[in-house]
Amino acid sequence: MALGELEQVVLLALLRREGEAHGAAIAMEIEERVGRNVAPGALYTVLERLQAKGYVEAWIGDSTPERGGRRRKVYRLLPEGARELRDWYDGIRELTDGVVARMDALAEGAS
Amino acid sequence: MSRTGRGPRLLRLLAWILLPERDREFIIGDLEELYAHRALRDGRGPAARRYVRDVMASALARALRRRPGRGAAPGPGRGNRPSAGSGRPAESSIGSDVLANLRDAFRTLARERGFAALTVVTLALGVGSTAAVFGMVNQLLLRPLPGAANSTSAAYVQFRSPARPEGTNGEGISTPAFDALRRDGTLFDGMASYGFLGLTVSRDDARPIAVRGQRIYGDFFEVLGVRPAVGHLLEAPETELGADPSRAVVSERLSTRLFGTSTGAVGRSIGMNGRSVTVVGVAGGGFRGPERGVEADVWLPFGALVPLFGATAEGLRRRDADLHGDIVVRLAPGARGEAAEGQVAEILGRLARDEGDPRLAELRPRLYPGLDTPPIIRAITYRSLRTLAGIVCLVLLIACANVANLLLFRNVGQRGAVATRRALGASPGRIARQQLVLSLLLGLLGTLGGLCVGWLVALPFRGAQLTRMPAFEGLVLDGRVVVFAGAVSILTALLFGTVPSFLAGRFDIVASLRQAGTRDTGRSGRIRWALSAGQLALSLSLVVGALLLARTVHNLYAADTGLSIEGVSEVFLAPPRDATPAALEALYRSVPAAVEALPDVEGAALDPYGPNGSRLLGRIGLPESTDDDALRVQMVPVTPGWFELLRLPAVSGRTFREGDWRPGESGGVVLTASLARRLFGRTDVAGRSVSAGFVDRRPMTVVGVVRDFSTAYAPDQPQDAFFVTYADAPPFHSFTLLVRTRRFDPEVAQTIRSAVEELLPDQPVPDPTPLSARVDDVHAEERIFSRLLGLLSILAVTLAAVGLYGVVAFGVVARRRELGVRLALGAEARDVASVVLGHAASIVSAGVVLGLGGAWALSHVLESRLFGVAPVDPASYVAAALLFATVAGVACWAPTRRAMRVDPAVTLREE
C-alpha cells in the first residue's frame, strides 16, 4: 500500500522519536525538522488512517500539567509500518541513486 | 501556577466549540502543549495566532476526514492494546456527522412513509396558508411602489380635524399656506402636493380615452425618487403657478397606449380636455403615481388647472381654497416623524395668527411613513391584514399541534429503538442531533409543500381586490416569500419536533426496553390528548367564523335593496366641459332615447352617479320651513324612465311621466316613503307642497311617494331621498346611463357604446358594466374574507381530523394488549369499540366545549364585518358542532374497526 506524503513524514517523525510519541511531540518533530506546520487535527486524521492500515497503534496515555490535565493519545510505530517505511525508502533510494549530483546541478541552474 | 504555559481560555473555548467530540481531549491537549512550547520560543502573540490557525485547520481536517476502517478490513495481528474510543460507535466530526444524520433521516422517512407523509402534508397545509397570506401582505404592503425609489423613506402627510378623522380624506390647505410649509419646513428634504384629475386624452383625431391624471406642486418626482424613462420630469419650479401649464409627464403605459412604445410619447403633443399639451418626459420604472390601487397616467403642473379645468390663477392662490390635502414628503436626514409633525403644526399655527385664520391652527398634521398604503385606507387595510394574519396563525397553530403530535407519536413508538441505541452507548446529544436533523429535513420538505399549497390557496383570490388597493396577483414567489415559508416551516418543525419530546420527559431505558414502545401513558399521552383537543377547539372556532361570514355574504346579496339591478348596466359619461345648459339638456334627452331604441334594450334612464355611486345632497322641507330646518338628504335628478327601469313602484301618487320634464318648469318631486314619513308623518302625501332644491330651495309639488330603497353599502338602511326631473337640477357635467337589457354580452355592450359615442363624439365612452359587478366591488372585502376563512377552516378541520385520527389510532396500538386481554376474557367487539370511542369522545367533547368558547371570542372580533347575523348565531354554532361530530366520527372509524378486530391470541403471544 503506497504511503501518502504526509503519512511518510508522520511515520518518519514517529521513528525519530524512537517509535513512540503523542500528537504534540510528532507535530514539534515535524516543525523542527522540516519547518512544516501540521495542525493537530490534521495529524490525528493521518494517524487514524495509518492506524486503520495497521501501521501504528494507539493508546491513551497519562496527563501532564502543561496539557491542562488532559490525557495524551500516544502512537507507536508497528512492524508493519516500519516495513512499509523501509519499502518506500528503498524505492526512493533506487530512484535517486546516482542522480543526486545532477539534481543539485539542475536546481542550481534553475535558480 | 504560572499561566504562561497555558493557552488563553478563549482559545480553548474556541477549540472546544469547533472540534468534534472525538479526540477533542487529545487535540486540545496537544494544542496546549504546542502553545506552551511556542510561547517560550516565539512569544505569546505568535503562539496565540498559531493556536487559532491550528484550531481552524484541525476542525476543518476533522470535518473532512474519511472514516477510518472503511474499505480496509481489520487485519490479523493488530496490536493487543485496545484502540482509544473503540468501545463506542464512532462519534464523528461536524461535517460527516451532519451527513450521517441526514442519511439516517432520509432512511427514517423512507421507512416510515406514512409518518413522513402526514407530517409533511400537515406542515405544508399550515405553512402554505401562512405563506399565502404573507404573500398578500408582501404584495400589498412590502413591495416598493413601482418606479418610486424612495417608496420606504418617503411619507404621506395629511391634515386631520375633528370633521376629518382617520379613514377619511384629510383637510386641505391653501397654496400660500403650502408655500410657507415648503419654505419654512426645515425638517423636510422635499415636499409636494398632488390631486387627482379626470382627463380626456386624445392623440390627433383618434377617439379620446378617459385617463386619470395628477396635478402636482413641488418637487414631486424627486421626493418619490422617480427617474425618467426618457426626457425630463417636471421639477419644483416647473410645477408652480406661472410656469408653462401645457407641459406634461406621462406613464410608460399611456405612452405605449397612444404611441405604441413606452418612450414614444416624449416631445409629442397630445390633446387633453380639448387643449394641446406637450409631453416632456415619461416616468420610468412603471411609475403610476404615489398611491397604489389608484393609479395615474399623466402628471401636470398645478397651473394646468387653469387651461384644462377652467380655474383662475387667482382662484388657485386664494387663501380659502383648500387645494393641497394630499402631500408627500421626505424627511431631512435625522429628522423624526413627530418632530416634523410638530414643525408643520407650528408653521400652521403661526400662519393662523398672522392671517387670522383659526382653522389652520386646528389642523392636526399627521405623517404616514412609507408609501405602502395611502392614509385614507391605511388603518382599515392594516386592520384587515391583522385579522387575516391572526386567523392564519390559528391554522398554523393547529398544524403545529399536529406536527407535535405526530412526532411525539413517533418518538413514543421509537422508544424501544432509542433505548437500544442508548444502551449501545449513543450519547443523548447524538440522539438529540438526529432528532434535530430529522426535524430540519421535515421542515425543508414542508417548505416545498407549503409553497405549493400556498400557491393553491392563493389561486382563488387572484384578482381579488380590497378597497382602493391593487388586485392580488396570487402567490408570487419572490425571495421574501420563500424565506418566510422556509423560516415558518423549519421553525415549526424544530420547535414542535423537539420541545414536546423534551416535555414528555426523559425516560427509563430499562423500562422502555422492556415495554418496547407500546404503552402510551403518563405525560406524553396527556400532552397528546391536550394537543388534539386544542386543535379541535381552534378549528371549530374557525368553522363557526367561516359560517358567520358566509351567512353575512349571503345576507348582503339576498338583502332587498328595493331596486332590481339584475340585467341593468351602467355607463359613466362626461359631456364636454364647455357644453351649454341647453346642449346638456339635449344630451339628457337624446342619450336614453337613442339607447332605448336599440334591439335587446328594455329601457334606459339617467341619474348622476348610479344607484351605488356617490350621493348628491339636496335640501328639502315643508314650504314654511327655514333653511336651517330643512333636511339635507339625498337628491336624485332622474329621467322619467328611472323608476320603471329599477322597478321602484309608487306607494302613493305616481312616479314621473314624460310630460313632467319641461325645460324651465318644475316637474315636481317624488319622495321615498321614509322621507315622506319624516316630513309629513305619513306616506299618502301626493299633491302636497314642499320646498326643495340643490342649493336654493323652491316650492314644488309632491307627485308621488315610492317604496324605500337602500344601497349595497348599507342594505338595511333605507335612504331618505327625493327625486326631481333634470329640469329642477343644476346642469351636471357628468351623468350615468342606466340600461336594462334582455341579454348582456360584448355585442350588446358594443351597440350601446356605439350609439352613445355618436352623441358624444369627442368624449370617452367606457364600456357598460353590470350593476351587479359594482355590488361585487362593494362587498369585495366581505367576500374575500368569507372565502378565505372558509378555505382556511376547511384546512383546519382537515388538520384536526388528521390529529384526532392519529391520537385515536395510536391509542388503539398502545392499548392493543389491554384490548386483547378484554377480548380474551369474553368482551364483545362492541365493548372494545366503546373503550376506544370513549377515549375519542373525551377529546372531542373537550374540543367542542373549548371551541364554542373560542368561536364566541372570534365572532366578536368579526362582529363589525357581520351583516344580518348575530355573533352568537345558534344555527351556525349547531351546524359547526354537527359538522364536527361527523368529521370526528369519520376520523375515529378506521382505528375503532381495527380495535374491534384485535386478535387476542396474536396480542397475547407478543407478551
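Reading guide: rules and limits
- Residues numbered from 1 in each chain as written.
- Chains lettered and ligands numbered in written order.
- Predicted model: local features only at pLDDT ≥ 70, side-chain atom pairs only at ≥ 80, totals over all residues.
- Heavy atoms only, no water.
- Helix = DSSP H or I, 4+ residues; strand = E, 2+ residues; numbered from the N terminus.
- Buried < 20%, exposed > 50% of the residue type's maximum accessible area, 1.4 Å probe, protein only.
- Contact = heavy atoms within 4.5 Å.
- Areas by Shrake-Rupley, 256 points an atom, 1.4 Å probe, with all protein chains shown as cover.
- Pairing = 2+ DSSP bridges.
- Axes fitted to C-alpha atoms, helices over the stretch in contact; angles between N-to-C directions.
- Parallel < 35°, antiparallel > 145°, perpendicular 65-115°, else oblique.
- Left-handed = near helix turned anticlockwise from the far one by under 90°.
- Nonpolar A, V, L, I, M, F, W, Y, C, P; charged D, E, K, R; others polar.
- Salt bridge = Lys/Arg side-chain N within 4 Å of Asp/Glu carboxyl O.
- Core = buried A, V, L, I, M, F, W, Y, C linked by side-chain atoms within 4.5 Å.
- Phe/Tyr/Trp six-rings, centres within 6.5 Å; stacked < 30°, edge-to-face > 60°.
- pLDDT = per-residue confidence, 0-100.
- Arc of directions from axis to C-beta.
- Lys, Arg positive; Asp, Glu negative; His and termini not counted.
- Polar contact = N/O pair within 3.5 Å; in protein donor to acceptor, adjacent residues only side chain to side chain.
- Expected span 1.5 Å × (residues − 1).

Draft legend 1. Highlighting the overall build of chain A. Scanning chain A from N- to C-terminus turns up five helices and three strands. Burial status across chain A gives 47% buried among its 111 residues. Partitioning the intrachain contacts of chain A with sequence separation of at least 6 by distance along the chain shows that 52% fall at a separation of at least 24.

Draft legend 2. Fine view of the overall build of chain B. Across its full length, chain B holds 28 helices and 21 strands. Per-residue burial over chain B gives 52% buried out of 911 residues. Sequence-distant contacts, at least 24 apart, represent 79% of the contacts inside chain B between residues at least 6 apart. Accessible surface for chain B amounts to roughly 40100 Å². Of this, 58% is attributable to carbon and sulfur atoms.

Draft legend 3. Main features of the sheet that holds strand S2 (residues 56-63) of chain A. Residues and elements named next belong to chain A. The sheet built from three strands is open, its strands ordered S1-S3-S2 with antiparallel pairing. The two strands at the open ends of the sheet, each matched to only one other strand, are strand S1 (20-22) and S2. Pairwise comparison of adjacent strand axes, ignoring direction, gives a mean angle of 30° for this sheet. Taken together, the six bridges between S2 and strand S3 (residues 71-77) define a ladder with antiparallel strand orientation. Its bridge partner lying in S3, Ser-63 is registered against Arg-71.

Draft legend 4. Here's a closer look at the packing of helix H6 (residues 175-184) of chain B against helix H12 (residues 337-355) of chain B. Residues and elements named next belong to chain B. Viewed as axis vectors pointing N to C, H6 and H12 meet at an angle of 130°, and their least axial separation amounts to 10 Å. As the angle between them shows, H6 and H12 are arranged oblique. Remark: the crossing between H6 and H12 carries right-handed chirality. Packed against H6, whose contacting residues are Ala-177, Ala-180, Leu-181 and Asp-184, the element H12 presents Gln-343, Val-344, Ile-347, Leu-348, Arg-350 and Leu-351 at the interface. Of the residues contributing to the contact of H6 with H12, the split by class is seven nonpolar, one polar and two charged.

Draft legend 5. How the structure looks around the pattern of salt bridges. Residue and element names in this part refer to chain B. According to the stated counting rule, one finds 53 salt bridges over all chains in the structure shown. In this structure, the salt-bridge partner of Glu-355 is Arg-319, at a minimum N-O distance of 2.9 Å. Of this pair, Glu-355 sits in helix H12 while Arg-319 sits in the loop between helix H11 (313-317) and strand S9 (326-331); the two residues are 36 residues apart in sequence, bridging distant segments of the chain.

Draft legend 6. Structural context of the sheet that holds strand S12 (residues 601-607) of chain B. Residues and elements named next belong to chain B. Here we have four strands laid out as an open sheet, ordered S12-S20-S11-S21, and antiparallel in their pairing. The strands lining the two open edges of the sheet, one partner per strand, are S12 and strand S21 (769-770). As paired elements, S12 and strand S20 (residues 735-741) share six bridges and run antiparallel to each other. Across the sheet, the residue bridging to Gly-603 is Arg-740, located in S20.

Draft legend 7. Seen up close, the nonpolar core. Residues and elements named next belong to chain B. With 95 residues, the main nonpolar core has Leu-442 and Leu-804 as its most contacted residues. Non-local contacts of Leu-804, meaning those with residues more than four positions away in its chain, are made with Ser-532, Gln-535, Leu-536, Ile-843, Val-844, Ala-888, Ala-891 and Cys-892. Among the nonpolar cores identified, the runner-up in size contains 46 residues, and Ala-155, Val-201, Ala-265 and Ile-327 belong to it.

Draft legend 8. Local environment of the packing of aromatic side chains. All names here are of chain B. Scanning all chains against the criterion turns up 20 aromatic pairs over all chains. Aromatic pair Phe-178 and Tyr-217: ring centres 5.8 Å apart, planes at 45°, arrangement tilted. Note that Phe-178 is positioned in helix H6 and Tyr-217 in strand S3 (residues 209-218), a separation of 39 residues in sequence. On the basis of relative accessible area, Phe-178 is assigned to the buried category, the value being 0%. Relative accessible area serves as the criterion here: at 3%, Tyr-217 is assigned to the buried category. Consider the rings of Phe-221 and Phe-287, whose centres lie 6.1 Å apart with planes at 65°: the pair is edge-to-face. With a gap of 66 residues between them, Phe-221 in helix H7 (residues 220-224) and Phe-287 in the loop between strand S7 (275-283) and strand S8 (298-301) connect regions that are remote in the sequence.

Draft legend 9. Focus on the confidence of the model for chain B. Residues and elements named next belong to chain B. Across chain B, pLDDT averages 83, with 89% of residues at or above 70. Under a pLDDT of 50 for its full length, residues 68-94 has, in the predicted model, 39 contacts with residues more than four places off or in other chains. Note that residues 507-520 has pLDDT below 50 and, in this model, 26 contacts with residues that lie over four places away or in other chains. Taken over the whole predicted complex, pTM reads 0.67, whereas the ipTM for its chain interfaces reads 0.88.

Draft legend 10. Geometry of helix H9 (residues 252-259) of chain B. All names here are of chain B. By the burial criterion, the buried members of H9 are Leu-254, Ser-255, Leu-258 and Phe-259. Each buried residue of H9 lies within a common arc of 100° when the element is viewed along its axis, so the set occupies one face. Residues of H9 that are buried make contact with strand S2 (188-202), S3, strand S5 (247-251), strand S6 (269-272), S7 and S8. Following H9 by one or two positions, Gly-260 adopts a phi angle in the positive range, close to 90°.

Draft legend 11. Local environment of the side chain of B:Arg740. Residues and elements named next belong to chain B. Its place among the elements puts Arg-740 in strand S20. One buried charged residue, Arg-740, remains without a salt bridge, the closest side chain of opposite sign being Glu-602 at 4.4 Å. When sequence neighbours within four positions are dropped, the list of residues in contact with Arg-740 reads Ser-564, Glu-566, Gly-567, Val-568, Asp-600, Val-601, Glu-602, Gly-603, Leu-645, Leu-646 and Arg-647.

Draft legend 12. Just the side chain of B:Ser58, in detail. Note that B:Ser58 resides in helix H3 (residues 44-64). Given the relative accessible area of 0%, B:Ser58 is considered buried. At 2.7 Å, the side chain of B:Ser58 and the backbone nitrogen of A:Gly41 are in polar contact. For B:Ser58, the residues in contact, after removing those within four places along its chain, are A:Ala39, A:Pro40, A:Gly41, A:Ala42, B:Leu19 and B:Ile27.

Draft legend 13. Molecular detail of the pairing of S20(B). Residue and element names in this part refer to chain B. For S20, the buried fraction is high: seven of the seven residues fall into the buried class. Here S20 shows a buried face lined by Phe-735, Leu-737, Val-739 and Thr-741 and a second buried face lined by Thr-736, Leu-738 and Arg-740. Pairing of strand S11 (residues 568-573) with S20 involves six bridges; the strand directions are antiparallel. Its bridge partner being in S20, Val-571 is matched across the sheet by Leu-737.

Draft legend 14. Up close: the environment of A:Glu57. All names here are of chain A. Mapped onto the fold, Glu-57 is located in strand S2. Judged by relative accessible area, which is 9%, Glu-57 ranks as buried. Taking the C-alpha atoms as reference points, Glu-57 and Leu-47, separated by 10 residues in sequence, lie 8.9 Å from one another.

Draft legend 15. Structural detail: the environment of B:Leu224. Residues and elements named next belong to chain B. Here Leu-224 lies in helix H7. Judged by its relative accessible area of 0%, Leu-224 falls in the buried class. For the pair Leu-224 and Met-191, spaced 33 residues apart in the sequence, the C-alpha separation amounts to 9.7 Å. When residues no more than four places from it in sequence are discounted, the contact partners of Leu-224 are Ala-148, Ala-149, Asn-150, Ser-151, Phe-287, Pro-290, Val-328 and Leu-371.

Draft legend 16. Just the packing of helix H5 (residues 113-142) of chain B against helix H24 (residues 780-814) of chain B, in detail. Residues and elements named next belong to chain B. Interhelical geometry of H5 versus H24 gives an angle of 160° and a closest axis separation of 11 Å. With respect to their mutual orientation, H5 and H24 come out roughly antiparallel. Two packed elements cross with a definite hand, and for H5 against H24 that hand is left-handed. Counted together, Leu-118, Thr-122, Leu-125, Ser-129 and Val-133 of H5 and Leu-788, Leu-792, Leu-795, Leu-799 and Val-802 of H24 form the full contact between these two elements. Looking at the contact of H5 with H24 residue by residue, the class counts come to eight nonpolar, two polar and no charged.

Draft legend 17. Highlighting the pairing of S2(B). Residue and element names in this part refer to chain B. Among the 15 residues that make up S2, 12 are buried, leaving the element largely enclosed by the rest of the structure. Bridging between S2 and S9 involves six bridges; their strand directions are antiparallel. What sits directly across from Ala-192, in S9, is Val-328. Examined bridge by bridge, S2 and S3 share 10 bridges and lie antiparallel to one another. Across the sheet, Leu-199 pairs through a bridge with Val-211, a residue of S3.

Draft legend 18. Focus on H12(B). Residues and elements named next belong to chain B. In this model H12 runs 27 Å from its N-terminal to its C-terminal C-alpha over 19 residues, within 8% of the 27 Å that 1.5 Å per residue would give. Regarding H12, the residues found buried are Gly-337, Ala-340, Gln-343, Val-344, Ile-347, Leu-348, Gly-349, Leu-351 and Ala-352. Here the buried face of H12 lies against strand S1 (154-160), H6, S2, S9, helix H13 (358-362) and strand S10 (364-369). Phi for Gly-356, located one or two positions after H12, is positive at around 60°.

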